[in-house]
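# Structure assessment
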Amino acid sequence: MYYTFFGSNRTQKEIESLKDRSSHEIEGESLISPEKIGQKSHSFHESQLGSSYGEWRIWGSKHLGSAVFMSIRIVVFSNKLNLLMPFGPLAVLIHILTDHNGWVFFLTLLGITPLAERLGYATEQLAFYTGDTVGGLLNATFGNATEIIISIYALKSGMIRVVQQSLLGSILSNMLLVLGCAFFCGGIVFNKKQQVFNKAIAVLNSGLLLMAVMGLLFPAVLHFTHTEVHFGRSELALSRFSSCIMLLAYGGYLFFQLKSQKNLYKPISEGEILHEEGSDDDEGPEISKWESVIWLSILTAWIAILSQYLVDAIEGASATWKMPVSFISVVLLPLVGNAAEHASAIMFAMKDKLDISLGVAIGSSTQISMFAIPFCVVVGWIMGRPMDLNFQLFETATLFITVLVVAFLLQEGTSNYFKGLMLILCYLIVAASFFVHVDPT
């Protein structure tokens, strides 16, 4: 009885205590405001977002690092010619430690060669995203950036003849050697047929090159016939006026090519059969568009730095090797500076993309003659340097004959390996002529 009564009494007390405790919990829960509940949920979401942002940042850094490593591996370590890249820093080191200008010049030539080839590769990758015409213009632009920077540096040093001869050599090299090698290699690969290109582009570029010859010819004739109104000053004034006209003409050419007459510059359709034959060449880009732009900027900057050491070592190399400065300026310097165009034009010709090869070789010559040369005259005008368009009689005659030969070979709109061989042999004659030529100035 007592146990039962005690047990029932205990049970009642436990029930009452549970009721009291549950009522206190309900009151406590009612004291929690909705704002506090919102703060708790907000803090929970912040912790979740913070952890996801940290994970995303870690993943992004890992992905960026792997992308950079892959880009370096593709651009730098995928070509055996890049084994020559260390010669560039070695040339800079020798220039700082010693006075052996011959070795500095030679090592700089070796160091620039793979950089120029990689410049052509990066431009080819960018051409996948831009098209043939813009790709050819980009290749000509980045290929000629080295010559323009060399010219400005030489103008600051007062080396006007080096500027004139190096730019002239770039035109001759592109029109004879680069275009000749492209025609020759393309003709060897596709020896069963004639390669074709857009005849309208070739005719228009030939006309621009003849206009450039006119701009260079009149100051030289005025000088050597002694028919100036004011000796020395009239020749310089005519050169500056002609340079402004040539820059205006080149700007109109760019507008005509890229905006006004786009259809004129579309590559020639080869038909269904040739399209099927070229289906194996439908390759995709190996690097992205922005990677191509970044690599183009890096390579152009490094080539420009090495080009300064190249210019400084020209006279010392000429004395060491007993070689005329005119030969070094007209032949050796453009060979290195045009290595990008040389490699790119050959690669495109061997893929039966002759319109791009023509845009690279002839387009580069047009850009140098109608933009780079008058641009240097204007820059010299600003610097107070007497840079003019009088390239002397021998150099002007060489350019005139070269433009005529190339214009005759391009008028049919077809190419083969024999036309390429003729252009290469013409370049050898020009190189030999400058080897025995003494600059009168």
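What comes next is a walk through the structure. (Residues numbered from 1 in each chain as written. Predicted model: local features only at pLDDT ≥ 70, side-chain atom pairs only at ≥ 80, totals over all residues. Heavy atoms only, no water.)

## Here we look at the overall build of the protein chain
Helix and strand counts for the protein chain stand at 16 helices and two strands. Counting across all 441 residues of the protein chain, residues that qualify as buried make up 44%. Here the contacts in the protein chain between residues at least 6 apart in sequence split such that 84% fall between residues at least 24 apart. Only carbon and sulfur atoms are counted for the fraction: they give 67% of the accessible area of the protein chain, which is about 23100 Å². (Helix = DSSP H or I, 4+ residues; strand = E, 2+ residues; numbered from the N terminus. Buried < 20%, exposed > 50% of the residue type's maximum accessible area, 1.4 Å probe, protein only. Contact = heavy atoms within 4.5 Å. Areas by Shrake-Rupley, 256 points an atom, 1.4 Å probe, with all protein chains shown as cover.)

## What to know about the packing of helix H3 (residues 87-97) against helix H10 (residues 289-312)
Helix packing geometry: the angle between the two helix axes and the distance between the axes. Viewed as axis vectors pointing N to C, H3 and H10 meet at an angle of 35°, and their least axial separation amounts to 10 Å. Considering the relative orientation of H3 and H10, their crossing is left-handed. Together, Gly88, Pro89, Val92 and His95 of H3 and Trp302, Leu306 and Tyr309 of H10 make up the contact between the two elements. Residue composition of the contact of H3 with H10, by class: five nonpolar, two polar and no charged. (Axes fitted to C-alpha atoms, helices over the stretch in contact; angles between N-to-C directions. Left-handed = near helix turned anticlockwise from the far one by under 90°. Nonpolar A, V, L, I, M, F, W, Y, C, P; charged D, E, K, R; others polar.)

## Overview of unusual backbone geometry
Positive phi values are uncommon outside glycine, yet Asp352 reaches one of about 60°. Summarising the element assignment, Asp352 is placed in the loop between helix H13 (339-350) and helix H14 (354-383). The phi dihedral of Gln392 is positive, around 75°, even though this residue is not glycine. Assignment of secondary structure puts Gln392 in the loop between H14 and helix H15 (393-410).

## A word on helix H6 (residues 160-189)
Residues separated by three or four positions in an α-helix point in the same direction, a consequence of the helix having 3.6 residues per turn. Compared with an ideal rise of 1.5 Å per residue, which puts 30 residues at 44 Å, H6 spans 42 Å between its outermost C-alpha atoms and is within 8% of the ideal. Within H6, the axis deviates most sharply at Ser173, by approximately 40°. (Expected span 1.5 Å × (residues − 1). Bend = angle between axes of the 7 residues up to and from the residue.)

## Examining the pattern of salt bridges
If you walk through the whole model with that rule in mind, you get four salt bridges. A salt bridge links Arg161 to Glu395; the shortest N-O distance between them is 2.9 Å. With a gap of 234 residues between them, Arg161 in helix H6 and Glu395 in helix H15 connect regions that are remote in the sequence. Classification of Arg161 as buried rests on a relative accessible area of 16%. Overall, the relative accessible area of 2% leaves Glu395 in the buried class. For Asp352, the salt bridge is made with Lys193, and the minimal N-O distance between the two is 3.2 Å. On the criterion of sequence distance, the pair formed by Asp352 in the loop between H13 and H14 and Lys193 in the loop between H6 and strand S1 (195-196) is long-range, its members being 159 residues apart. Relative accessible area serves as the criterion here: at 24%, Asp352 is assigned to the partly exposed category. Within this structure, Arg161, Glu395 and Asp439 form a network of salt bridges that share partners. (Salt bridge = Lys/Arg side-chain N within 4 Å of Asp/Glu carboxyl O.)

## Overview of the nonpolar core
Soluble globular proteins: nonpolar side chains tend toward being buried together. By size, the foremost hydrophobic cluster in this structure holds 94 residues, and its most contacted members are Phe105, Leu179 and Leu410. For this core, the element with the most residues is H6, which contributes 15 residues. In this view, Leu410 contacts Leu179, Phe183, Phe197, Ala202, Ser206, Leu358 and Ile362; residues no more than four positions away in its chain are not counted. (Core = buried A, V, L, I, M, F, W, Y, C linked by side-chain atoms within 4.5 Å.)

## Regarding the packing of aromatic side chains
In this description, a pair of aromatic rings is defined by centroid distance and the angle of the planes. Applying the stated rule across the entire model yields eight aromatic pairs. An aromatic cluster is present here, built from Tyr250, Tyr253, Phe371 and Phe375 joined pairwise through their rings. When the ring centre of Tyr121 is taken as reference, the NZ or CZ atom of Arg118 above it lies at 4.3 Å. The ring of Phe190 has Lys193 lying over it, and the distance from NZ or CZ to the ring centre is 5.1 Å. (Phe/Tyr/Trp six-rings, centres within 6.5 Å; stacked < 30°, edge-to-face > 60°. Lys NZ or Arg CZ within 6 Å of the ring centre and 35° of its normal.)

## Overview of a nonpolar patch on the surface
The grouping of Ile188, Tyr417, Phe418, Leu421, Met422, Leu425 and Leu428 at the surface amounts to a nonpolar patch, some 630 Å² of accessible area in total. Ranked by residues supplied to the nonpolar patch, first place goes to helix H16 (residues 417-435) with six residues. Checked against the element boundaries, Leu421 lands in helix H16. For Leu421, a relative accessible area of 32% corresponds to the partly exposed category. (Patch = residues over 30% accessible without salt bridge, like charges linked within 9 Å, V, L, I, M, F, W, Y side chains within 5 Å.)

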